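Examination of the molecular architecture
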Amino acid sequence: MALRDRGFHPLRVAQVVRETDEAATFVLEVPATFAYEAGQFCTFRVVVDGQELQRCYSMSSTPAEPFAVTVKRVSDGAVSNWLLDHVEAGDVLEASAPTGLFRLPPGDADVVALGAGSGITPIWAIVKHVLATTDRRVRLLYANRDRESTIFAKAIDALAGDRFEVVHHLDVEEGFVDADVVKPFADPAADTFVCGPGPFMDVVEATLLDAGVPADRIRIERFSAFGPVATVADELTSTVTIEVAGKTGSTEHHAGTTILQVARQLGLPAPSSCESGSCATCMAKLVGGEVHMRTNNALTPEEVEEGWILTCQSVPNSAEVRVVYE
Ligand SMILES: Cc1cc2nc3c(=O)[nH]c(=O)nc-3n(C[C@H](O)[C@H](O)[C@H](O)COP(=O)(O)OP(=O)(O)OC[C@H]3O[C@@H](n4cnc5c(N)ncnc54)[C@H](O)[C@@H]3O)c2cc1C
Ligand code: FES
């Protein structure tokens, strides 16, 4: 029995706020079951050109504000473009209940946040929440291409003050973020949050770890996939059987492919979104055999204990593997 509500709920769009040329905030009317913590996200289900697609969007609002997600256009991206170009106030979107582990841990440590581009959405929610509900100090490094593409620029600057330091980094003026830019934000005693495009995250994570920030003080939210999943058992021959929506397929496993990729090879309609182990859209029940899960930033220990796996991160680790998407 899954611990989370994975059903989709209709949410009426109350308002669309254009933030920049490439980004908009969608204010949504949500049921009481959509309680959430700052930094969490929802999975949205949309139909684009007849194809059902699922994508995750973090709340840019705090729980004390009207419920809102902020979407930035991705070049040729199916869902971001559809949302930004078609959705208006009064429309209804479908989303599953909020979830996610990118949240403020308890305590009174200072908060350091490093965000870039659309990665500001969960970070902005956390920053506002920390400033409004705690005495903690916050330092934010916020990287963007230029000032015009900087989402929430005015609101962020308006909140800067004694407890909130903001450093804007604009690529057009200073080049891409490198270790020298990140180092001043390395604080081993702080709770650190990182969200942005892959190359930004790589530089930030490596620099923070190098500077002595413990890995367990760094919280990372990945918006998109980051390379192939390593196979732990390349020599192993596995037969993988997968059930999705009442359809079952079975095949020999090819080294290096995930359970999600096997489902696609079999032509099964397995759901997915981030493919980086962050969102749990691809979660399924392991009902036979063993898998190795490379990354898990989405399932709770209880869910793992119950046999749930992230199929985008899992490779077979036994001769027979059986997985059911529920
Ligand atoms: C937990 C989580 C929270 C997220 N929160 C937000 C949010 O608050 N706001 C937001 O705008 N997005 C957010 N995303 C990203 C979002 O889910 C989609 O991935 C994004 O909107 C692109 O989807 P698409 O259908 O437009 O592009 P797709 O059609 O999926 O992709 C088109 C191309 O763009 C590449 N691509 C995919 N995602 C990105 C990206 N983020 N940046 C650059 N290139 C990309 C793909 O590799 C592909 O080549 C979040 C993702 C996760 C996993
Ligand atoms: S698709 Fe997001 S965790 Fe697998």
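Residues numbered from 1 in each chain as written. Chains lettered and ligands numbered in written order. Predicted model: local features only at pLDDT ≥ 70, side-chain atom pairs only at ≥ 80, totals over all residues. Heavy atoms only, no water.

Before going further, it helps to examine helix H6 (residues 198-210). For H6, with 13 residues, the first-to-last C-alpha span of 18 Å sits near the 18 Å given by 1.5 Å per residue. Looking only at H6, the buried set comprises Phe 200, Met 201, Val 204, Thr 207 and Leu 208. The arc that holds every buried residue of H6, seen down its axis, measures 145°, which confines them to one face. Looking at H6, the residues exposed on the side facing more than 90 degrees away from the buried face are Pro 199 and Asp 210. On its buried face, H6 is in contact with strand S7 (111-116), strand S8 (138-144), helix H5 (179-182), strand S10 (191-195) and strand S11 (218-221). A positive backbone phi angle near 95° is found at Gly 212, which sits one or two residues after H6. (Helix = DSSP H or I, 4+ residues; strand = E, 2+ residues; numbered from the N terminus. Expected span 1.5 Å × (residues − 1). Buried < 20%, exposed > 50% of the residue type's maximum accessible area, 1.4 Å probe, protein only. Arc of directions from axis to C-beta. Contact = heavy atoms within 4.5 Å.)

The subject of this paragraph is the sheet that holds S8. Strand order across the open sheet formed by 5 strands is S9-S8-S7-S10-S11, with parallel pairing between neighbours. The strands lining the two open edges of the sheet, one partner per strand, are strand S9 (164-170) and S11. Each adjacent strand pair in this sheet contributes to an overall mean axis angle of 10°, direction not counted. Relative to S9, S8 is paired through 7 bridges, and the arrangement is parallel. Within the sheet, the bridge partner assigned to Val 138 lies in S9 and is Phe 164. Together, S7, S8, S10 and S11 form the strand contacts of H6, whose direction differs from that of S10 by roughly 155°. (Pairing = 2+ DSSP bridges. Axes fitted to C-alpha atoms, helices over the stretch in contact; angles between N-to-C directions.)

Turning our eyes to something else, we now look at the site of ligand 1. Lining the immediate surroundings of ligand 1 are 20 residues, of which Arg 55, Cys 56, Tyr 57, Ser 80 and Thr 121 lie closest. Measuring from an oxygen atom of ligand 1, one finds a side-chain N or O atom of Tyr 57 at 2.7 Å. At 2.7 Å from an oxygen atom of ligand 1 is found a side-chain nitrogen or oxygen belonging to Thr 121. When ligand 1 is considered free in solution it has 910 Å² of accessible area, and contact with the protein chains removes 74% of it. Because more than half of its atoms lie within 2 Å of the grid, ligand 1 is assigned to the largest pocket. Here the element with the most residues in the shell around ligand 1 is strand S4 (residues 51-58); it accounts for 4 residues. The residue makeup of the shell around ligand 1, split by class, is 9 nonpolar, 7 polar and 4 charged. (Near = heavy atom within 4 Å. Polar contact = N/O pair within 3.5 Å; in protein donor to acceptor, adjacent residues only side chain to side chain. Areas by Shrake-Rupley, 256 points an atom, 1.4 Å probe, with all protein chains shown as cover. 1 Å grid on protein atoms, 1.4 Å probe; cavity = no way out; pocket = protein on both sides within 12 Å on 5 of 7 lines; lining within 4 Å. Sits in = over half its atoms within 2 Å of the grid points. Nonpolar A, V, L, I, M, F, W, Y, C, P; charged D, E, K, R; others polar.)

A word on the layout of surface pockets. As a volume, the largest pocket reaches approximately 1200 Å³. Taken together, 45 residues line the largest pocket, and the ones lying closest to its centre are Val 74, Ser 118, Pro 197, Phe 223 and Ser 224. Considering every element that reaches the lining of the largest pocket, the biggest residue donor is H6, with 6 residues. Here the residues of the lining of the largest pocket sort into 21 nonpolar, 15 polar and 9 charged. If you add up the space inside the second largest pocket, you get close to 490 Å³. For the second largest pocket, the lining is made up of 26 residues, of which Arg 4, Arg 6, Ala 280, Thr 281 and Met 283 are closest to its centre. Class assignment of the residues belonging to the lining of the second largest pocket gives a composition of 14 nonpolar, 7 polar and 5 charged. (Points joined across faces, edges and corners; volume = space filled by probe spheres on them.)

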